[in-house]
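# Coordinate analysis (summary)
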Amino acid sequence: MATTELTGAEDVAWDLTDLYAGLDDPRIEADVAEAEKDAAAFRARYHGAVAGLDAPALAGAIEEYERIESALVRPLTFAHLVFATNMAEPARGALVARLGEKAAALDTQLLFFGLEWAALEDAAADALLSDPALDHWRHHLQSLRKFRPFLLSEPEEQIVTEKTVSGSGAWSRLYEELLGALRVTVDGEELSLEPAMAKLYDPDRETRRTAAEAITAALGPGLRTRTFVFNTILLDKSIDDRLRGYPTWISSRNLANETTDEAVEALIEATTSRYDLPQRYYRLKARLLGLDQLEHYDRFAPIASDATLTPWDEARDVVVDAYSDFSDEAGSIVARFFDGNWIDGPVRPDKRTGAFCATTIPGVHPYVLMNYTGDRRSILTLAHELGHGLHGVLAQPLGYINSSTPLTTAETASVFGEALTFERLLAQEDDPHRRLDLLAGRIEDAIATTFRQIAMNRFEDAVHTERRERGELAPERFGELWIERQSTLFGDSVGLDGYTPWWSYIPHFTGAPGYVYAYAFGYLFSLAIYRRYVLEGEAMVGPYLDLLRAGGSRTPEDLARIVGLDLTDPSIWASGLEALGEELDEAERLADELDL
Ligand SMILES: [Zn+2]
């Protein structure tokens, strides 16, 4: 979606010299060599000896562990960042691949430490954990022990780790390569999947319909092969879970997300019981587009043809002001990203698409990658990534291990910052057409992050369960289960003709089973905090910043308590969904008022 319009972001390039001077900086090799040498020494010193450590010695060992990890994460992050801005230059890709292999080898070396700690009897571990010398590491150590009932012996774990590369890892890579090789023929033009999907955002319905039909046609031929790969990954996961003794297909993911099967079930229950919200929205959207009913390819159609571009400097002011209004401290941290050249702004050839924030880089501030196009979506994306950045800066003093968050809380600051910025944009807008357009964009993002992800989770749940109970699934069966779950989501608000094979273009299902619900978890959690801020104002600012400062050093439940929320109470999800319902009320009211 490159744009030729100038936004002033063209010269906004990040300065990576805070990490390394360049690709050939000798410090890169020096840091990697040091990490390798220290990892070998660490293994020699602690392998087989973890059970005998007292609390201060254990604290010392984890500090050393963190230092070794940090020494490798730094060059690895640098490699990812230089690669992201120019993916066509072979030297950059080669560095990413080489350091990725080094990181895997290092992990295999250091794996024993967590295993030996988890193998300790509860009584011995509890005695150590109550020692003040381990205050800083308590949460990390407790998290590692949650896997205790599901761990294998060290030689078995080593086999599993190494075999993953040629097993599920290889299968999911094949899946991605198959998707990458897909060619969609639209009006005689051969496109890969991403640009073909981009046509679903086109204002012209015929363009969208043609693209959707072409995508359906392109997904057909390789379906049998992709089904085989998916079935194999389902089987592989069921074997892992059986050997480790996980009660359900999603349990291992929930544990890694630092949540429980019950909390995730409550989230799913709350979301699926409000499918009326997306259905209401899609009926409104049909009305705004002048259609009787939306087809699946109409969901992303723009409802207004507002082509005003916001220059980079103006976007910067909007976002920095939104954060500053909330808190001076937050505003000045966000401003540093601009002043310190920590952002790569423009769309450029061979640059990675989308946006991200490298949030936790040991010893260095975060970096943000944007593809700024000047539309309003782009401003909110900037606010989103800078939320991650704020989170990273505030949590950094805790060190690499304690500042890293699980998926479930990783989106807290980003979604919150987006909400602050959205409210500011809305407040500045008097024109009812544009207000409606803003609200529609906001609601569509919320639907994509919550309802859509939960419906995909229901599909995953169905295929994993059926694979375990009845064996391999036929391609037609994947399609049936997909359409069933999608129909429950959309009701009669969206037509699904031709949508049957579309489950097979989503790489999350094969690359990271169970991943998708965390988007909904994080989004609704953050929205619940934002609702509290709207109600209580100033009094929430301190606790909220404290929550960010705590990074990943506590459980999501404990973090929620800092801002007065109870994550074990299912009504927390309903509150976030209610906020969405209110935005929908307002959008419907505006549509009536404008007689659309
Ligand atoms: Zn994010």
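In the block above lies the structure referred to throughout.
Remember, it's a predicted structure, so these values are computed and weren't measured experimentally. (Residues numbered from 1 in each chain as written. Predicted model: local features only at pLDDT ≥ 70, side-chain atom pairs only at ≥ 80, totals over all residues. Heavy atoms only, no water.)

## Thoughts on the overall build of the chain
To keep things clear, this is the line we draw: Only DSSP runs of H or I reaching four residues or more are called helices, and only runs of E reaching two or more are called strands; each is numbered from the N terminus. Here the globule rule reads 2.2 Å times residues to the power 0.38, and the radius of gyration is calculated from C-alpha atoms. Note on exposure labels: buried denotes an accessible area under 20% of the residue type's maximum, exposed denotes more than 50%, and partly exposed covers the range between, all computed with a 1.4 Å probe on protein chains only. Note on contacts: a residue pair is in contact if any heavy atoms of the two residues lie within 4.5 Å. Note on charges: Lys and Arg go in the positive column, Asp and Glu in the negative column, and His and the chain ends are not counted at all. We put the charge of a Lys on NZ, of an Arg on CZ, of an Asp on CG and of a Glu on CD.
For the chain, the count of helices and strands is 27 helices and seven strands. Here the chain has a C-alpha radius of gyration of 24 Å; the compact-globule value for 596 residues is 25 Å, and the two agree. Dimensions along the principal axes, computed over C-alpha positions, put the chain at roughly 75 × 60 × 50 Å. Residues counted as buried form 53% of the 596 residues belonging to the chain. Counting only contacts in the chain whose residues sit at least 6 apart along the sequence, the fraction spanning at least 24 positions is 77%. The positive charge centre, built from 56 side chains, and the negative charge centre, built from 100, are 3 Å apart in the chain.

## Here we look at the sheet that holds strand β4 (residues 343–346)
Our working rule: A strand pair is defined by DSSP finding two or more bridges across the two strands. Lines fitted to the C-alpha atoms define the axes, with helices restricted to the stretch that makes contact. Angles between their N-to-C directions range from 0 to 180 degrees.
Pairing in this open sheet of three strands is mixed, and the strands run β4-β6-β5 from one edge to the other. Because the sheet does not close on itself, it has two edges, and the strands there are β4 and β5 (356–358). Strand-to-strand twist across the sheet, computed as the mean angle between neighbouring axes with direction ignored, equals 10 degrees. Across the face of the sheet, helix α2 (residues 55–85) comes into contact with β4, β5 and β6 (367–372) while running at roughly 150 degrees to β5.

## Some details on the packing of helix α14 (residues 312–326) against helix α19 (residues 412–427)
Here is the rule: In these notes the angle categories are as follows: under 35 degrees is roughly parallel, over 145 is roughly antiparallel, 65 to 115 is roughly perpendicular, and the rest is oblique. Under the grouping applied here, Gly and all other residues not named as nonpolar or charged are polar, the nonpolar ones being Ala, Val, Leu, Ile, Met, Phe, Trp, Tyr, Cys and Pro and the charged ones Asp, Glu, Lys and Arg.
Between α14 and α19, the least distance of the axes is 9 Å, while the angle of their chain directions is 105 degrees. Here α19 runs roughly perpendicular to α14, going by the angle between their axes. Side by side, α14 and α19 meet where V318, V319, D321, A322, Y323, D325 and F326 of the first sit next to A413, F416, G417, L420, T421, R424 and L425 of the second. Of the residues assigned to the contact of α14 with α19, the class counts are nine nonpolar, two polar and three charged.

## Examining the coordination of the zinc ion
We apply this condition: For Na, K and Ca the donor cut-off is 3.2 Å, and for all other metals it is 2.8 Å, counting N, O and S atoms only; because water is absent from this set, sites may look incomplete. Under the classification used here, a metal with four donors is tetrahedral if each angle lies between 85 and 135 degrees, square planar if opposite donors are over 155 degrees apart and the others between 65 and 115, a six-donor metal meeting that same test is octahedral, and anything else is irregular.
Protein ligation of the zinc ion involves H384 (NE2), H388 (NE2), E411 (OE) and E411 (OE), the donor distances falling in the range 2.2 to 2.7 Å. In this structure, the zinc ion is surrounded by four donor atoms whose angles at the metal cover 52 to 138 degrees, and the resulting shape is irregular. Here the donor residues of the zinc ion share one chain and are spaced in sequence as H-x3-H-x22-E. Of this pair, H384 and H388 both sit in helix α16 (residues 376–395), separated by four residues, roughly a single helical turn. The same class applies to H384 and to H388, which are both buried.

## Concerning helix α7 (residues 168–181)
What counts is decided by this rule: Multiply 1.5 Å by the residue count of a helix minus one, and that product is the helix's expected span.
Here α7 contains 14 residues, and its C-alpha end-to-end distance of 20 Å stays within 8% of the 20 Å for a straight helix at 1.5 Å per residue. On its buried face, α7 is in contact with α10 (223–244) and α23 (508–511).

## Regarding the packing of α19 against helix α20 (residues 432–449)
Defined as follows: Crossing handedness is read from the near helix: turned anticlockwise from the far helix by less than a right angle, it gives a left-handed crossing, and turned clockwise, a right-handed one.
Here α19 crosses α20 at 165 degrees, and the two axes come no closer than 10 Å. The orientation of α19 with respect to α20, classified from their angle, is roughly antiparallel. For the crossing formed where α19 meets α20, the hand is left-handed. Of α20, the residues touching α19 (which contributes E418, A419, F422, L425 and L426) are R435, L438, L439, R442 and D445. The residue makeup of the contact of α19 with α20, split by class, is six nonpolar, no polar and four charged.

## What about the packing of aromatic side chains?
Under the convention used in this document: Aromatic pairing here means that ring centres of Phe, Tyr or Trp (its six-membered ring) are within 6.5 Å. Orientation follows from the plane angle: under 30 degrees is stacked, over 60 is edge-to-face, and everything else is tilted. Here, a charge over a ring means that NZ of Lys or CZ of Arg falls within 6 Å of the ring centre while also lying within 35 degrees of the ring normal.
Within the structure shown, the criterion is met by 38 aromatic pairs. Judged by centre distance (5.1 Å) and plane angle (25 degrees), the ring pair of Y201 and F300 falls under stacked. Of this pair, Y201 sits in the loop between α8 (193–198) and α9 (205–219) while F300 sits in the loop between β3 (294–295) and α14; the two residues are 99 residues apart in sequence, bridging distant segments of the chain. By relative accessible area, which is 44% here, Y201 ends up partly exposed. Considering the side-chain rings of F326 and Y533, the 4.9 Å spacing of their centres and the 80 degrees angle between planes classify their relative orientation as edge-to-face. In this pair, F326 is assigned in helix α14 and Y533 in helix α24 (residues 517–536), connecting sequence segments 207 residues apart. The pair F326 / Y533 is uniform in exposure class, with both members buried. Of the aromatic side chains, those joined through ring pairs into one cluster are F230, F459, F478, W482, Y499, W502, W503, Y505 and F509. The ring of Y20 has R74 sitting right over it, with the charged end atom 5.8 Å from the ring centre.

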